[in-house]
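Descriptive analysis of the structure
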There are 2 protein chains.
Amino acid sequence: MAAPIDFYFDFSSPYGYLAAQKIDALAAKHGRTVDWHPILLGVVFKQTGMAPLTGIPLKGEYSKRDFARSARFHGIAGFRVPTKFPIASQAPSRIVLWQKARDAALAVRVAKALFRAYFVDDVDISNPDAASAVAAKEGIDAAAARAAVDDPSVKDALKREVDAAVGRGVFGSPFIIVDGEPFWGLDRFDQIERWLATGGF
Amino acid sequence: MAAPIDFYFDFSSPYGYLAAQKIDALAAKHGRTVDWHPILLGVVFKQTGMAPLTGIPLKGEYSKRDFARSARFHGIAGFRVPTKFPIASQAPSRIVLWQKARDAALAVRVAKALFRAYFVDDVDISNPDAASAVAAKEGIDAAAARAAVDDPSVKDALKREVDAAVGRGVFGSPFIIVDGEPFWGLDRFDQIERWLATGGF
């Protein structure tokens, strides 16, 4: 069986959110599964000297317009730029990574719920209590999820994940690696689709 | 008749080159024409604090791979990252802008020839003599084209074009404005297509 597609995302990334709505179906269409990797773009940006999109003159204003237009273009209803944006994404990332080691399928459902809470329901998921409450609605023990956010071993595991991502060349969100081939951005899904269909071009 | 689509590009931009191969056909399919605007990303980047793509750690390496892959994906043969890359694009931009005031259709042919010389034939079009020689092959007087590069009135006209572009929110290449709606990147051509077909979404 073919290896999973690696899907890297930051919970504060609008294009990451939009990609998260589509990646599983795209993979399944080609008989593939997806390995979901939460990362911290803030840490990645320190290593590359990049800045958050919305703080850049001209590009920032354009981006906010493009987030919403891209959501409409891809038929993803309910998207809005959250009141608090961008956010630090340690809390949701640690909860998902902690859960992934216990039940990877449930971790993906939790990741999707966290994304939706932030980008549709305007919940500030950078708050550990708020993030744990979202996870609890998916059937996870809220106190255990909340404890994971402050667990040194989970913190270390996330640091290692981010370092490993940077080691593979990941510099943005969403970032997808298919059989060693890197693709950055929701707007490469057309190329990913052809890559999966043809084995490369 | 509907207004032309505004197409902003830098002669040093690989995605600008790829977009230049497709923009006229896309517009014509929807009964529209294209107004070609050479700009100087170096000047724009000073105003936005952005950096050339290929100088950014990780993103730079990825970009070179993506340039070539995107060319293959879009069926554009012959693309290569030029030996000298990126380049300052004053010389080709001034020749095209100067020619545009005399014969806009010919200026577009010259722009396409300059892009092809740089990205297919590896000609250093930042050199005024080399750029003039490319223009001459399209039927323009080489000495007149060469003189335009150093003409203060042409220099001023290009500065005004770049300022006007920034004033409209242009921050990258290619950048397309359709009836006031801004689109950045070759990878927004799918959205541009739907926008042209539907009048907005």
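Please refer to the structure higher up on the page.
Not measured: the values here are computed from a predicted model.

Overview of the side chain of A:Asp6
Residues and elements named next belong to chain A. Structurally, Asp6 is set in strand 1 (residues 5-9). A distance of 2.8 Å separates the side chain of Asp6 from the side chain of His37, its partner in a polar contact. Aside from chain neighbours lying at most four places away, what touches Asp6 is Asp35, His37, Arg168, Phe175, Ile176 and Ile177.

Focus: the pattern of salt bridges
Any two side chains of opposite charge can pair if their charged atoms end up close together. Applying the stated criterion to the full structure yields 30 salt bridges over all chains. For A:Asp66, the salt bridge is made with B:Arg188, and the minimal N-O distance between the two is 2.6 Å. With A:Asp66 in helix 4 (residues 59-73) and B:Arg188 in the loop between strand 4 (181-184) and helix 10 (189-198), the pair connects residues from two separate chains. There is no split in this pair, since A:Asp66 and B:Arg188 are both buried. A salt bridge links A:Glu181 to B:Arg69, with the shortest nitrogen-to-oxygen separation between them at 2.8 Å. Of the two residues, A:Glu181 sits in strand 4 (residues 181-184) while B:Arg69 sits in helix 4 (residues 59-73), which places them in two different chains. Pair check on accessibility: A:Glu181 and B:Arg69 agree, each one buried. Bridged by salt links that share partners, the residues A:Arg65, A:Asp66, A:Arg69, A:Glu181, A:Asp187, A:Arg188, B:Arg65, B:Asp66, B:Arg69, B:Glu181, B:Asp187 and B:Arg188 form one connected network.

Focus on the sheet that holds strand 3 (residues 175-178) of chain B
All names here are of chain B. One open sheet holds the 4 strands; their spatial order is 2-1-3-4, and the pairing between them is mixed. The two strands at the open ends of the sheet, each matched to only one other strand, are strand 2 (34-38) and strand 4. Sheet twist, expressed as the average angle between the axes of neighbouring strands with direction ignored, equals 20°. In this sheet, strand 2 lies alongside strand 1 (residues 5-9) in parallel orientation, the contact comprising 5 bridges. Bridged to Phe7 within strand 2 is Trp36.

Focus on the sheet that holds strand 1 of chain A
One open sheet holds the 4 strands; their spatial order is 2-1-3-4 (chain A), and the pairing between them is mixed. Bordering the open sheet on either side are strand 2 (34-38) and strand 4 of chain A, each of which pairs with just one other strand. Ignoring strand direction, the axes of neighbouring strands in this sheet form an average angle of 20°. Each of strand 3 (175-178) and strand 4 of chain A touches helix 4 of chain B; the most contacted strand, strand 4 of chain A, lies at about 95° to it.

Structural notes on the interface of chain A and chain B
Contact residues are listed per partner, giving 32 residues for chain A and 32 residues for chain B. Where chain A packs against chain B, one counts 8 salt bridges. Two residues, A:Asp187 and B:Arg188, come together in a salt bridge whose shortest N-O distance is 2.9 Å. Remark: the boundary between chain A and chain B carries 20 residue pairs in polar contact (both at pLDDT 80 or more).

Considerations on the relation of the copies chain A and chain B
Note on the identical chains: chain A maps onto chain B by a rotation of 180° and an axial translation of 0.0 Å, with an RMSD of 0.0 Å. Seen this way, the second copy is the image of the first under a two-fold rotation axis. The rotation axis passes nearest to the C-alpha of A:Asp187 in chain A, at a distance of 3.0 Å. Most of the interface of chain A is mirrored in chain B: 100% of its interface residues are interface residues there too.

About the thresholds
- Here the residue numbers are simple positions, counted from 1 along each chain's written sequence.
- Whichever chain is written first is A, and whichever ligand is written first is 1; the rest continue in order.
- Only residues with pLDDT of at least 70 get local features here, since the model is predicted, and only at 80 or more are side-chain atom pairs given and counted; chain-wide, interface and lining totals rely on the full set of residues.
- With hydrogens and water excluded, all non-hydrogen atoms of the structure serve as input to the side-chain values.
- Counting from the N terminus, the helices are the DSSP runs of H or I reaching at least four residues and the strands are the DSSP runs of E reaching at least two.
- Here a polar contact is recorded for every N or O atom pair within 3.5 Å, except that within protein the pair must consist of a potential hydrogen donor and a potential acceptor, and residues adjacent in sequence are included only if both atoms are side-chain atoms.
- What makes two residues a contact is simply this: any of their non-hydrogen atoms within 4.5 Å.
- Salt bridges, as used here, are contacts in which a Lys or Arg side-chain nitrogen is within 4 Å of a carboxyl oxygen on Asp or Glu.
- Using a 1.4 Å probe on the protein chains alone, a residue whose accessible area is under 20% of its type maximum counts as buried, one over 50% counts as exposed, and one in between counts as partly exposed.
- Strands pair, by our definition, only if DSSP identifies at least two bridges between them.
- Only the stretch in contact is used when fitting a helix axis, every axis being a line fitted to C-alpha atoms; angles between N-to-C directions are given from 0 to 180 degrees.
- Fitting of the copies onto one another was done by least squares over C-alpha atoms, counting residues only where both copies have pLDDT of at least 70.

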